[in-house]
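Residue strings, one per chain:
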Amino acid sequence: MKDLVDRLKQQDVRVTVLTGAGVSAASGVPTFRGADGLWRNFRPEALATAEAFGRDPKLVWEWYAWRRFRIAACEPNAAHHVIAEWSRRFPNFKLISQNVDGLHERAGTANTINLHGSIWEVSCWQGCVKAPKRWRDETVSFSEIPPRCPHCKGPIRPGVVWFGETLDPGVVRQASAAADCDVFITVGTSAIVYPAAGFITAAKQKGAFTVEINPEATPASNTVDLVVRGAAETVLPDMAARLAAL
Ligand code: BJW
């Protein structure tokens, strides 16, 4: 840990953090694959794919509506707040997040690279040219489920990236550039979903000092330079306190 803190004290250090669902666990947002994870009760292919939405849009829409309802009652936790503080402290700081819950933004982290979109946004299922690529859904009428695209009247879908879907190429470019850093910290991800997990290896190949913060082992544990076994909401404040003490 001292090695990491010393590196973070270097002037102009380039720091990139990659987050996954574990960062929001202490806020009450269920993870995907953990003991209380969403996939324990729902099959991903039944709900988090375009095929599922095509087959049963009402079911998929309602699952996302239920998750939005849960997330709306959650607050950012200490891990989100430390990351937000670092985004102001380090001039060369980047956050890549797989999370769709918007808690990093609510904690005050600006310019988050959201790999998998946002649960607070929607897009036109038919990809009509008049609709923006994604938009926040306050303006959409929910009298029908799934609601209708205000532009083409076709169904709209959650603005998230499902399995088998291509990530926004601009977002992938930003994340690849962010992997070129001095310290790369992966927090609260099972590191099995690609391309997200690939950024850990990419950062290491580009010469970054790589760190994993997770209470459990992941496929990235053998790749990174430092493993910190613990919960994000305790390890990150501890790291922040050590940084402040030096
Ligand atoms: C704590 C904690 C605490 C708990 N503190 N930690 C290369 C190789 C193999 C397969 C592929 C590949 N490239 C592409 C693929 C296919 C696929 C893929 O990766 N499959 C794998 C499962 C094998 N990828 C895709 O389809 C992606 N698209 C793509 O690559 O397009 C090109 C392409 C298409 C087709 C074929 C090939 C290429 C898209 C991926 C989209 C992922 N979407 C989801 C759903 C988003 C919407 C929604 O929310 O419903 O994103 S799936 C789900 O997994 C969600 C997450 O962002 C993502 C990652 O999960 P995460 O965040 O890691 O959560 P968990 O639950 O898995 O882990 C939580 C961790 O927290 C655990 O480790 C705990 O221990 C820890 N933890 N408490 C710290 N307090």
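Presented here is a report on the structure given in the accompanying data block. Computed from a predicted model, the values in this text were never measured in an experiment.

On to the overall build of the protein. Along its length, the protein carries 11 helices and nine strands. In terms of overall size, the protein behaves like a compact globule, its C-alpha atoms giving a radius of gyration of 18 Å where 246 residues would be expected to give roughly 18 Å. Here the protein has roughly 11,700 Å² of accessible surface; of this, 52% comes from carbon and sulfur atoms. Placing the 28 positive and 25 negative side-chain charges of the protein at their respective mean positions leaves the two points 3 Å apart.

Arg33, Tyr64, Arg67, Thr189 and Ser190 are the nearest of the 33 residues found near the ligand. Residue Glu165 places a main-chain N or O atom 2.7 Å away from a nitrogen atom belonging to the ligand. Within the complex, 75% of the 1,500 Å² of free accessible area of the ligand lies under protein. Placement of the ligand is best described as lying within the largest pocket. Of the residues contributing to the shell around the ligand, the split by class is 17 nonpolar, 11 polar and five charged.

Moving on, we get to the sheet that holds strand β1 (residues 14–19). If you walk across this open sheet you meet the six strands as β3-β2-β1-β7-β8-β9, and the pairing is parallel. Unpaired on one side and paired on the other, β3 (113–114) and β9 (226–228) mark the two borders of the sheet. When β1 meets strand β2 (residues 92–97), the two strands line up parallel, connected through six bridges. Considered in β2, the bridge of Thr19 is made with Ser97. Docked against the sheet, helix α7 (residues 78–89) engages β1, β2 and β7 (183–187), running at close to 145 degrees with respect to β2. Against the sheet, helix α10 (residues 198–205) touches β1, β7 and β8 (209–213), its axis set at about 160 degrees to β7.

Of all hydrophobic cores here, the largest spans 28 residues; its most connected members are Trp86, Ile185, Ile213, Leu236 and Met239. Secondary structure elements with two or more residues in this core: α1 (2–8), β1, α7, β2, β7, β8, β9 and α11 (232–245). The dominant element in this core, judged by the number of residues it contributes, is α11, at six residues. With near-sequence residues (within four places) excluded, Ile213 lies in contact with Ile185, Thr186, Val187, Gly188, Val228, Gly230, Ala232, Val235, Leu236 and Met239. Within the second largest apolar cluster, 21 residues are counted, among which are Leu18, Ile113, Ala197 and Ala220.

In the segment running from Ile145 into Pro146, the intervening peptide bond is cis, with an omega of -5 degrees. Along the chain, the position of Pro146 falls in the loop between β5 (135–136) and β6 (156–160). A cis amide bond links Tyr194 with the next residue in sequence, Pro195, at an omega value of 5 degrees. Looking at where Pro195 falls in the secondary structure, it is placed in the loop between β7 and α10. Its identity as a non-glycine residue notwithstanding, Asp12 has a phi of 60 degrees, on the positive side.

Glancing now at the layout of surface pockets. What the largest pocket holds in volume is close to 990 Å³. Along its surface, the largest pocket is lined by 49 residues, and Ala21, Thr31, Phe32, Arg33 and Ser190 are the ones closest to its centre. Those elements giving two or more residues to the lining of the largest pocket turn out to be α2 (22–25), α6 (57–72) and α11. By residue class, the composition of the lining of the largest pocket is 26 nonpolar, 16 polar and seven charged. As a volume, the second largest pocket reaches approximately 480 Å³. Along the walls of the second largest pocket sit 23 residues, with Ser123, Lys133, Arg134, Val160 and Asp168 positioned nearest its centre. When residues of the lining of the second largest pocket are traced back to their parent elements, those giving at least two are β4 (117–124), β6 and α9 (169–178).

Quick notes on the rules
- Residues numbered from 1 in each chain as written.
- Predicted model: local features only at pLDDT ≥ 70, side-chain atom pairs only at ≥ 80, totals over all residues.
- Heavy atoms only, no water.
- Helix = DSSP H or I, 4+ residues; strand = E, 2+ residues; numbered from the N terminus.
- Rg over C-alpha atoms; globule rule 2.2 N^0.38 Å.
- Areas by Shrake-Rupley, 256 points an atom, 1.4 Å probe, with all protein chains shown as cover.
- Lys, Arg positive; Asp, Glu negative; His and termini not counted.
- Charge placed at Lys NZ, Arg CZ, Asp CG, Glu CD.
- Near = heavy atom within 4 Å.
- Polar contact = N/O pair within 3.5 Å; in protein donor to acceptor, adjacent residues only side chain to side chain.
- 1 Å grid on protein atoms, 1.4 Å probe; cavity = no way out; pocket = protein on both sides within 12 Å on 5 of 7 lines; lining within 4 Å.
- Sits in = over half its atoms within 2 Å of the grid points.
- Nonpolar A, V, L, I, M, F, W, Y, C, P; charged D, E, K, R; others polar.
- Pairing = 2+ DSSP bridges.
- Contact = heavy atoms within 4.5 Å.
- Axes fitted to C-alpha atoms, helices over the stretch in contact; angles between N-to-C directions.
- Core = buried A, V, L, I, M, F, W, Y, C linked by side-chain atoms within 4.5 Å.
- Buried < 20%, exposed > 50% of the residue type's maximum accessible area, 1.4 Å probe, protein only.
- Points joined across faces, edges and corners; volume = space filled by probe spheres on them.

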